[in-house]
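Commentary on secondary and tertiary structure
What follows is the residue order along each chain.
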Amino acid sequence: MKRRQQGSALLIAVGLLGLLAMATLARALSSPPGAEAALATERALARAREALVAYGALGNAAGSHDNSPGALPCPDLDNDGVSDLNCSAHIGRLPWRTLGLGPLLDGAGECLWYARSPRYSNNIQTSERGTSADTPALNPATPGEIVEVNAEGATGRRLAAVVIAPGLPLPGQQRGAVSGLSGCRSGDLAQFLEDVEVGGTPYPHSSGLNAVTLLAGDGFNDSVLGMDTPRLFATAGARVLGDIQLAGGTPTHVWWTQNLWCPQVCVTASSGRITLADGGSVSRALGVFPACASPCSGT
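**So, the packing of aromatic side chains**
Taken as a whole, this structure holds four aromatic pairs when the rule is applied. An aromatic cluster of three or more residues is present, and its members are Y120, F233 and W261. Directly above the ring of F192 sits R93, whose terminal nitrogen or CZ lies 5.2 Å from the centroid.

What follows is the structure, given as structure tokens:
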């Protein structure tokens, strides 16, 4: 009897394995061409954006209070995986080492690129913030400078940053060997990203101020994921409210005054609230409020 039971169990296991193999094969056959590569690209872009959001919330990679909440790192301009100290340009490769990541690859096996609004630069000293148009206060009311572009043209949405997957090289693009420092291929921006026109208006990726979200076609195959200011400050704002709680009222850090955070915070009977550019908000229960904070409207 025991041997019969063992034989039946073996037949059932073999049958289940067969069904699993058939299901896996059917799924593979039914997936459209390029689906796995597209999924890999989406995942890489999403991981990069979330790492940038986390970096902005801390103020910098070390979480130092010397930098401004929402400030973003310089791109990697020399293909070593590290954010450059001198932002001579606002577009380059994603600085994956600075963000604490491994090299993120798109579905074509290429490293990601990254652009960041100049006014969001963490190279602007916090002590200089709010003193000129070139060094503006950085808070949820600070607009992004990167123009989102779709098939109709500029959408009107401005982004704080954008991450870009270059995809396979197009005719005329020549990419070099993989660097031992970064794990990314060498070559200048034009060998990876494409400049396009929409409705007769040029929207060059090379400027770092356009985020083109066209479908891949002749002469363009970049995949783009933007970060708007509400996405960034939903997390950075939560950090600010946490610092208010830790300070027992008004934070003593330079970024609080230089970046004009107090007008961004309103209070209810029991919590502090920061309103984001899209009308959303982030709030936290607080025992003590900044003396300069105003009551929230409608409370």
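**Brief notes about the state of the cysteines**
Taken as a whole, this structure holds three disulfides when the rule is applied. Put simply, C111 and C184 are joined by a disulfide, and their sulfur atoms are 2.1 Å apart. Taking the sign of the S-S torsion, -90° for the link of C111 and C184, the bridge is left-handed. Of the two residues, C111 sits in the loop between strand 1 (91–93) and strand 2 (113–116) while C184 sits in the loop between strand 4 (153–165) and strand 5 (196–198), which places them 73 residues apart along the sequence. The exposure class assigned to C184 is buried, which follows from its relative accessible area of 3%.

**Some words on the pattern of salt bridges**
Counting across every chain of the model gives eight salt bridges. The partner of E110 in a salt bridge is R185, and the shortest N-O contact between them spans 3.4 Å. Of the two residues, E110 is situated in the loop between strand 1 and strand 2 and R185 in the loop between strand 4 and strand 5; the sequence distance between them amounts to 75 residues. By relative accessible area, which is 5% here, E110 ends up buried. The salt bridge involving R119 is made with E145; its shortest N-O contact spans 3.9 Å. Here E145 lies in the loop between strand 2 and strand 3 (146–150) and R119 lies in the loop between strand 2 and strand 3, a separation of 26 residues in the sequence. The exposure class of E145 is partly exposed, given its relative accessible area of 21%.

Definitions and cut-offs
Residues numbered from 1 in each chain as written. Predicted model: local features only at pLDDT ≥ 70, side-chain atom pairs only at ≥ 80, totals over all residues. Heavy atoms only, no water. Phe/Tyr/Trp six-rings, centres within 6.5 Å; stacked < 30°, edge-to-face > 60°. Lys NZ or Arg CZ within 6 Å of the ring centre and 35° of its normal. Disulfide = S-S within 2.5 Å. Helix = DSSP H or I, 4+ residues; strand = E, 2+ residues; numbered from the N terminus. Buried < 20%, exposed > 50% of the residue type's maximum accessible area, 1.4 Å probe, protein only. Salt bridge = Lys/Arg side-chain N within 4 Å of Asp/Glu carboxyl O.

Interpretation in functional terms is not warranted from these geometric data alone.
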